[in-house]
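Single-letter residue listing:
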Amino acid sequence: MLNIQSSKYVPSVLIFVAISYLLLVLFIPAIAAFYEAFHRGVEPFLLVISQTIFLAAIKLTLIIALIAVPLNTIFGLCAAWVLARKRFKGRTLLMSLIDLPFSVSPVVAGLMLVLVYGRNGWFGSVLEQIGIQIIFALPGMVLATIFVTLPFVAREVIPVLEEMGSDQEEAARTLGATDWQIFWRVTLPNIRWGLLYGVLLSNARAMGEFGAVAVVSGSILGRTATLPIFVELAYKNYQTEAAFGAAVILAGLALITLIFKEILERYTHRKTSH
């Protein structure tokens, strides 16, 4: 009887622990960031986000995302199709390589790019001779972002392709459809929600990445500072309102990402249940 009565409290205790953990790690810090950004009113916040260096950071962040996300989307689609449809030697190794950015620290990724493309790196002297600068410039920041966002699209599309199977594609090919027609009319409609989910996650990571980009960017305000880097530099320079204002913008982008993620998950669940 005692065990039965005590077991009734287990779910309540677990819920309390989970909520307390989320409060300490997520909700209270988020509330503190919003408080620091707005506790003196909206005008200081609007003044901060109208600064030239702040706008430059947003612009650079968007440019990097607009380059990295489409490239990784194309790569992710190609890699997912090959891994889901073909069986070949080295397939497991290829899947492990795609997952490598999940296990490698972003700072280490940035350092690897410096060792390869930096002035004293493997290709540094050659790039310098032809007048191309990778490190401490936009190309290096794009490469770092591509590295950290590489797995998202492929990892979301592969399970969808495997669940879908190849019967519909083979039927379309039997009826005379070209590979391009099969992709647009058969494959893409079936994987579109998984693809959008992967693109959404990739975009969120691209705009919020700090470690790898910080290593290869040089962190120069107004030139090579993305929005996450702007937050760090502003905070170090005791520009608290500017730092928390930028943090609120990043939090808003994260919130929008969560909303779209929830919408996609619910829609996908509804489609699969029918």
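Residues numbered from 1 in each chain as written. Predicted model: local features only at pLDDT ≥ 70, side-chain atom pairs only at ≥ 80, totals over all residues. Heavy atoms only, no water.

Asker: How should the overall build of the protein be read in this particular structure?
Answerer: The helix and strand tally for the protein stands at 15 helices and zero strands. Each of the three principal axes of the protein carries a C-alpha extent, and together these read 80 × 65 × 35 Å. The buried share among the 274 residues of the protein stands at 34%. Considering only intrachain contacts with a sequence separation of at least 6, the fraction spanning at least 24 residues in the protein is 70%. Surface exposure of the protein reaches about 16,800 Å², of which carbon and sulfur atoms provide 68%. Both charge centroids of the protein, one from 20 positive and one from 16 negative side chains, sit 3 Å from each other. (Helix = DSSP H or I, 4+ residues; strand = E, 2+ residues; numbered from the N terminus. Buried < 20%, exposed > 50% of the residue type's maximum accessible area, 1.4 Å probe, protein only. Contact = heavy atoms within 4.5 Å. Areas by Shrake-Rupley, 256 points an atom, 1.4 Å probe, with all protein chains shown as cover. Lys, Arg positive; Asp, Glu negative; His and termini not counted. Charge placed at Lys NZ, Arg CZ, Asp CG, Glu CD.)

Asker: What should I look at first to understand the layout of surface pockets in this one?
Answerer: In this structure, the largest pocket encloses a volume near 560 Å³. Contributing to the lining of the largest pocket are 20 residues, with Leu250, Ala251, Gly252, Ala254 and Leu255 lying nearest its centre. Put simply, the parts of the chain that give the lining of the largest pocket at least two residues each are α2 (10–38), α12 (179–208) and α15 (240–273). (1 Å grid on protein atoms, 1.4 Å probe; cavity = no way out; pocket = protein on both sides within 12 Å on 5 of 7 lines; lining within 4 Å. Points joined across faces, edges and corners; volume = space filled by probe spheres on them.)

Asker: Would you take a moment to explain the packing of aromatic side chains for this structure?
Answerer: Aromatic ring pairs: the centre-centre distance and the angle between the two ring planes describe each pair. Enumeration according to the criterion identifies nine aromatic pairs in this entry. On the basis of an interplanar angle of 70° and a centroid distance of 5.7 Å, the ring pair of Trp180 and Trp184 is categorised as edge-to-face. Taken together, the residues span about one helical turn, with Trp180 and Trp184 both in helix α12 at a distance of four residues. The exposure class assigned to Trp180 is exposed, which follows from its relative accessible area of 60%. In this structure Trp184 comes out as partly exposed when scored by relative accessible area, which is 44%. What links up through ring pairs into an aromatic cluster is the set Phe34, Phe38 and Phe45. (Phe/Tyr/Trp six-rings, centres within 6.5 Å; stacked < 30°, edge-to-face > 60°.)

Asker: Help me understand the packing of helix α10 (residues 151–164) against α12, please; the structure alone is not making it clear to me.
Answerer: Packed helices, taken two at a time, are described by their axes: the angle between them and the distance between them. At a minimum axis distance of 7 Å, the contact between α10 and α12 shows a crossing angle of 160°. Overall, the two elements α10 and α12 adopt an arrangement that is roughly antiparallel. The way α10 lies across α12 gives a crossing that is right-handed. Residues Phe152, Val153, Glu156, Val157, Val160, Leu161 and Met164 of α10 form the contact with α12, whose participating residues are Val186, Thr187, Asn190, Ile191, Gly194, Leu195, Tyr197, Gly198, Val199, Leu201, Ser202 and Arg205. (Axes fitted to C-alpha atoms, helices over the stretch in contact; angles between N-to-C directions. Parallel < 35°, antiparallel > 145°, perpendicular 65-115°, else oblique. Left-handed = near helix turned anticlockwise from the far one by under 90°.)

Asker: So what exactly am I meant to see when it comes to helix α14 (residues 227–236) here?
Answerer: Since one α-helical turn is 3.6 residues long, residues separated by three or four positions face the same way. Across the ten residues that make up α14, a large majority, seven, are buried. Those residues of α14 that fall on the buried side of the exposure criterion are Leu227, Pro228, Ile229, Phe230, Val231, Leu233 and Ala234. Downstream of α14 by a residue or two, Tyr238 has a phi angle that is positive, lying close to 65°.

Asker: Is there a simple way to explain α12 in this structure?
Answerer: For α12, built from 30 residues, the straight-helix expectation of 44 Å at 1.5 Å per residue is missed by more than 12%, its first-to-last C-alpha distance being only 37 Å. Remark: the principal bend of α12, roughly 60°, maps to Arg192. (Expected span 1.5 Å × (residues − 1). Bend = angle between axes of the 7 residues up to and from the residue.)

Asker: Explanation requested: the packing of helix α4 (residues 52–85) against α10 in the structure shown.
Answerer: The contact between α4 and α10 brings their axes to 8 Å, and the two run at 35°. Crossing of α4 over α10 shows right-handed handedness. Facing Asn72, Thr73, Gly76, Leu77, Ala80, Trp81, Leu83, Ala84 and Arg85 of α4, the residues of α10 in contact are Val153, Ala154, Val157, Ile158, Leu161, Glu162 and Met164. Grouping the constituent residues of the contact of α4 with α10 by class yields eleven nonpolar, three polar and two charged. (Nonpolar A, V, L, I, M, F, W, Y, C, P; charged D, E, K, R; others polar.)

Asker: What am I meant to see in unusual backbone geometry here?
Answerer: Where the residue is not glycine, phi is negative for most of them; where a peptide bond is considered, it is trans in most cases. For Phe136, which is not a glycine, the phi torsion comes out positive at approximately 65°. Tracing the backbone shows Phe136 in the loop between α8 (124–129) and α9 (138–149). On the accessibility criterion, Phe136 (47% relative accessible area) is partly exposed. Here the phi dihedral of Tyr238 falls at roughly 65°; this positive angle occurs in a residue that is not glycine. Take Tyr238: it is sitting in the loop between α14 and α15. Residue Tyr238 is classed as exposed on the basis of its relative accessible area, which comes to 74%.

Asker: Hey, could you run me through the environment of Phe210 in this one?
Answerer: As for its placement among the helices and strands, Phe210 is situated in the loop between α12 and α13 (211–217). Once the C-alpha coordinates of Phe210 and Val231 are considered, the two residues, 21 residues apart in sequence, prove to be 10.0 Å apart. Other than its neighbours up to four places away in sequence, Phe210 contacts Pro228, Ile229 and Glu232.

Asker: Help me understand empty space enclosed by the protein, please; the structure alone is not making it clear to me.
Answerer: Sizing a probe to match a water molecule and rolling it over the atoms shows the empty space that remains. Here the structure, examined in full by the defined rule, presents one cavity of 30 Å³ or more. In this model, the largest cavity occupies a volume close to 40 Å³. What lines the largest cavity is simply Thr61, Ile64, Thr145, Ala206, Glu209, Val213 and Thr226. For the lining of the largest cavity, the residue count by class is three nonpolar, three polar and one charged.

This is a description of form; function is not addressed.
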